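Here is what each chain is made of, one letter per residue.
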Amino acid sequence: MADFREMIRERSLLCDGAMGTMLQAAGLEAGQCPELLNVQRPETVQAVHRAYVEAGADIIETNTFGGNRVKLAAFGLEARTEELNAAGVRIAREAAAGRLVAASVGPTGRFLGPVGDMDLPEAVEIFTQQLMPLCEAGADLIILETFTDIKEIRAAVIAARALADIPVIALMTFEPSGLTLLGSSPEAAAVTLEAVGADAVGSNCGLGPDGILEVLRRMAAVTRLPLVAMPNAGMPRLEGDRTVFPASPEEMAVPVADFLGLGASVMGGCCGTTASHIARMRERLDSLPGRSDRLLTDPSATRLSSRSGLLFLGGASPLRAIGERLNPTGRKALAQSVRSGKFDPYREEAARQVQAGAQLLDVNVGVPGIDEEEAMAQAVLAVQQAVSVPLCLDSPRPEVIEAGLRVADGKVLINSVTGEKESLDRVLPLARKYGAAVLGLTLDEKGIPATAGERLAIARRILETALSMGIPREDVVIDCLTLSAGAEQERVMETIRAVGLVKSELGLNTLLGVSNVSYGLPAREFINAAFLGMAAASGLSGAIVNPFHETSMGILNAARVILNQDRQASAYIALHSAAGEGPGVQGETAEAGPEALMRSVVQGHPERAGELASELLAQGVEPMEISERMLIPAMSEVGERFARNEYFLPQVLMSARAMKAAFEPLKEALKDQDVPRRGTILMATVEGDVHDIGKNIVITLLENHGFEIIDLGKNVPGEEIARQAAARDVDAIGLSALMTTTMVRMKEAIATVRQAGLGQPVVVGGAAVTPEYAAEIGADGYARDATQAVTVFSELLGEGAGHVR
């Protein structure tokens, strides 16, 4: 049997096209479970596979995209998860005629926290249940596709890697903005997925060939992995009651040359592509000489990522500043907040450090007598909501590190591992499993060696052990350990020498904590500055510093100029020409008052928002004044930031939770008053569509803007929508559809509502819905996203549609 990894080293491969498009042409109706055809009508599925084989596909995908138990539960089929997935592989294998069989795995339809209610272990278990029968039935590779949440696809890769040594292609779906629905950039996604163990990365669905080409161009600069392109046949439109993807087979074949020019190793099609499209792409692929070679930007740098951000540490990249202030040691107020389980101070301190110039944040929760694992998880979640820079997880306890890794949005740096065997055995497997880089400390069972050569030997031991576990060389960073010049003056220069040796002999990137060198001495900033300058000259990659110390940051910025890392001193000049201008440090929150409450909502601090709202009530501020003049305007600002691509879904939902927390004390104060309401809205996902994530997000924001919501759920017939709208005397109706095949049910639902004599305005939305289609089917409004839905319903219903019943 041919091996996928060997084949793509030799040539670019062609995958098949859409399964759903072909099954619909064969009679699959909207709302039916495609995976059930694997046992009820296997000949229909096999005919699709054979059509793609005859068209020239090298890889055919199984009919198992929605085969996880969460998706199958919508059809009452969760107990048949193993059966339906195994059948999907058997059918494909019978039709493959020597082609590779790829097990298709899609998302669950749920988000991981804090956006959703699923955690990483549950997600891994769900994917494991689906992947096990796919692997056991003989799939040659796995294609994870159409994911929008980096945490969810990361969980799927972790599950696959734990099961078998099977190739894994990891594909994410991007919006026209160039980001996924939850705000992941192509660069951050590629780095995160490479680290966790994917064999190839790329994008499918969501965009046509031009959009996918741009996504791959951005990925190509930051990953060594093979690239995969699976575009739609253009962007969908409705013609009558049919969803049409406009790109012809000839048009789909044109960008094949561009994909090869980027070095793409696999190409295929997603929604709207058929065997005719694949046949034409085959002809085009065979007529071209082959793919171009790719050059990775700064290959020796350690690449770290957050959900949307990317950092190159070391290599040819500039000296980096790692913020040290998220550490409760010696800081009573921060330690008390950790003991109390309140992490708003972590959010605020994180934002302030980034504003001051930190490019990577060290997160530590070391407070005696607490549940450090839970504290680390909460601290990481809080910091990720406040900033987009990558994180460094700091704890001597591997179980605490793992708690942070489970909730991390991207590829983090573990701080730390030592040369001790127990440390190596416990920490390095975590880095491999979760896709993290690791900071190695040059100490072992005997302590910190006196000489640079001895520290180099420990660094070499850490590197060799990491390499033996499959951790790449560039993901091992070394800390040669800073000693106090006041206590061990004769050994301080050994640290500087060790930095140079680690760089020259091992080719590794290095970090140092700067402030330790001046411990116990007066005028510490001068000692710190001298040490930092000397270390930078020896090849230091990054310094762990207090970014609020002007001298240390000044030396660091100046060192970048001297080392030719800041060309034409442009960043240095810009920094100092702007000194003293602009707003204060971001995240520095006013202690109390209306502005503080609004800021807490905009920045997504639920605990602080609730406290501030209670304080304002105690001061005699009217509840409706708080709601109308502070909370609603704050959420409007969030909506505007979302529209400008400054905020993404996680930030929007955290702001919504902050607003909800602020509204809780207001509800108690308003319970005996006749409060104007903004209106009651009935929400439903139309018949045949089992997706409700988008609808639920819209509901969250509408509720936080004062609307009363009646949620009928998903897969709701038009007759039920009309019946409930009449019986409950609602003021408006909101309809959602994710799939192009179910958009036509919106038209039917609106017609049914009007036939029932109901005149309430109807607003529609969903991934494939357009303003033109909304007007065509008689909708009164269209919302492209949750924040626009609030605006549209507000305009349609005006202020105070009635009173609380």
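In what follows, the structure referred to is the one given above.
We now turn to the structure provided with this report.

## Re the overall build of the protein chain
- When its secondary structure is counted, the protein chain shows 32 helices and 27 strands.
- In terms of principal-axis extent, the alpha carbons of the protein chain reach across some 90 × 75 × 50 Å.
- Burial statistics for the protein chain: of 805 residues in total, 58% are counted as buried.
- In the protein chain, the share of contacts with a sequence separation of at least 24, taken over all contacts with a separation of at least 6, comes to 74%.
- Counting only carbon and sulfur atoms, one obtains 51% of the accessible surface of the protein chain, whose full area is about 30900 Å².
- Within the protein chain, one finds 73 positive and 103 negative side-chain charges whose respective centroids are separated by 3 Å.

## Structural notes on helix H18 (residues 421-434)
- Between the first and last C-alpha of H18 there are 20 Å, a value that for 14 residues agrees with the 20 Å anticipated at 1.5 Å per step.
- If you check which residues of H18 are buried, you get Ser423, Leu424, Val427, Leu428, Leu430, Ala431 and Tyr434.
- With its phi angle positive at about 75°, Gly435 sits one or two positions after the end of H18.

## Some points on unusual backbone geometry
- Here the residue pair Gly113 and Pro114 is connected by a cis peptide bond, since its omega of 5° sits within 30 degrees of zero.
- Structurally, the position occupied by Pro114 is in the loop between strand E3 (100-105) and helix H7 (120-136).
- Cis rather than trans, the peptide bond between Asn415 and Ser416 has omega equal to 25°.
- Positive phi is not limited to glycine here, since Cys205 has a value of about 60°.
- Note on placement: Cys205 falls in the loop between strand E6 (200-204) and helix H10 (209-220).
- Assessed through its relative accessible area of 14%, Cys205 is described here as buried.

## Section: the nonpolar core
- Ranked by size, the top nonpolar core spans 155 residues in total, and within it Ile142, Leu144, Leu193, Tyr346, Leu361, Leu405 and Val476 carry the most contacts.
- With sequence-adjacent residues up to four places away left out, Leu361 is seen in contact with Gly323, Leu326, Ala350, Gln353, Val354, Val383, Val387, Val389, Pro390, Leu391 and Cys392.
- Ranked by size, the runner-up nonpolar core spans 47 residues in total, among them Leu182, Ala658, Ile699 and Ala786.

## Details of the pattern of salt bridges
- Enumeration according to the criterion identifies 47 salt bridges in this entry.
- Salt-bridge contacts for Arg224 lead to Glu474; the nearest nitrogen and oxygen are separated by 2.7 Å. A residue pair is termed long-range when its members are at least 10 positions apart, and Arg224 in the loop between H10 and strand E7 (227-230) and Glu474 in the loop between helix H19 (452-468) and strand E18 (476-479) qualify at 250 residues.
- For Glu474, a relative accessible area of 15% corresponds to the buried category.

## A look at the side chain of Thr62
- You can see Thr62 is positioned in the loop between strand E2 (59-61) and helix H5 (69-73).
- The exposure class of Thr62 is buried, given its relative accessible area of 3%.
- Of note is the side chain of Thr62, whose polar atom sits 2.6 Å from the side chain of Thr64.
- Residues in contact with Thr62, not counting those within four places in the same chain, are His49, Gly88, Val89, Ala92, Val101, Ala102, Ala103 and Ser104.

## Some points on helix H24 (residues 594-602)
- For H24, every residue scored as buried is listed here: Ala596, Leu597, Ser600, Val601 and Val602.
- Buried residues along H24 sit against helix H25 (606-618), helix H26 (623-643) and helix H27 (649-670).
- A positive phi of about 75° marks Gly604, the residue just after H24.

## Structural notes on the environment of Gly435
- If you trace the backbone, Gly435 turns up in the loop between H18 and strand E17 (437-441).
- C-alpha separation for the pair Gly435 and Gly410, spaced 25 residues apart in sequence, amounts to 8.5 Å.
- Not counting the four nearest positions on each side in its chain, Gly435 is found in contact with Ala195, Val196, Lys411 and Leu430.

## A look at the packing of helix H17 (residues 398-407) against H18
- Relative to each other, H17 and H18 sit at 10°, their axes nearing to 10 Å. With respect to H18, the axis of H17 lies roughly parallel. Mapping the contact onto sequence places Pro398, Glu399, Ile401, Glu402, Leu405 and Arg406 in H17 and Arg426, Val427, Leu430, Lys433 and Tyr434 in H18.
- By residue class, the composition of the contact of H17 with H18 is six nonpolar, no polar and five charged.

## What about the sheet that holds strand E22 (residues 680-685)?
- Across the sheet, five strands lie side by side as E23-E22-E24-E25-E26; this open sheet has parallel pairing. What marks the edges here is a single partner per strand, and that holds for strand E23 (708-711) and strand E26 (781-782).
- Bridge count for E22 against E23 is four bridges, and the pairing is parallel. Note that in E23 the partner of Leu682 across the bridge is Ile710.
- Its contacts with the sheet put helix H32 (residues 786-797) on E22, strand E24 (732-736), strand E25 (762-765) and E26, and the angle it makes with E24 is roughly 155°.

## Things to note about the side chain of Thr64
- Looking at the secondary structure, you find Thr64 in the loop between E2 and H5.
- Assessed through its relative accessible area of 1%, Thr64 is described here as buried.
- If we ignore the near neighbours within four places in the chain, the residues touching Thr64 are Glu35, Asn38, Leu84, Asn85, Gly88, Ala103, Ser104, Gln130 and Leu134.

How each quantity is defined
Note that residues are indexed from 1 along each chain, following the sequence as it is written. Per-residue local features of the predicted model are confined to residues with pLDDT of at least 70, and side-chain atom pairs are confined, for both listing and counting, to 80 or more; whole-chain, interface and lining totals are unaffected and use all residues. Water and hydrogen atoms were dropped before computing side-chain values, which therefore reflect all heavy atoms in the structure. Secondary structure follows DSSP: runs of H or I at least 4 residues long count as helices, runs of E at least 2 residues long count as strands, and numbering of each begins at the N terminus. Here's how the labels work: a residue is buried when its accessible area is under 20% of the maximum for its type, exposed when over 50%, partly exposed in between, all with a 1.4 Å probe on protein chains only. We call two residues contacting when some pair of their heavy atoms lies within 4.5 Å. Only the protein chains shown count as covering a residue, and every accessible area follows the Shrake-Rupley method with a 1.4 Å probe. By the counting scheme adopted, Arg and Lys are positive, Glu and Asp are negative, and His together with the chain ends is not counted. Throughout, a charge is located at the NZ atom of Lys, the CZ atom of Arg, the CG atom of Asp or the CD atom of Glu. Helix span, expected: 1.5 Å multiplied by one less than the number of residues in the helix. To form a nonpolar core, buried Ala, Val, Leu, Ile, Met, Phe, Trp, Tyr and Cys residues must be joined to one another through side-chain atoms within 4.5 Å. Counted as salt bridges are all cases of a side-chain nitrogen of Lys or Arg within 4 Å of a carboxyl oxygen of Asp or Glu. Whenever a nitrogen or oxygen atom comes within 3.5 Å of another N or O atom, the pair is scored as a polar contact, on the condition that within protein one atom can donate a hydrogen and the other can accept it, and that pairs from neighbouring residues in sequence are kept only if both atoms are in side chains. Only the contacting stretch of a helix is used when fitting its axis, a line to C-alpha atoms as for every element, and angles between N-to-C directions run 0 to 180 degrees. The labels follow the angle: roughly parallel below 35 degrees, roughly antiparallel above 145, roughly perpendicular from 65 to 115, and oblique for the rest. Following the grouping adopted for this structure description, the nonpolar residues are Ala, Val, Leu, Ile, Met, Phe, Trp, Tyr, Cys and Pro, the charged ones are Asp, Glu, Lys and Arg, and the polar ones are all others, Gly among them. Should DSSP find at least two bridges between two strands, the strands are taken to pair.

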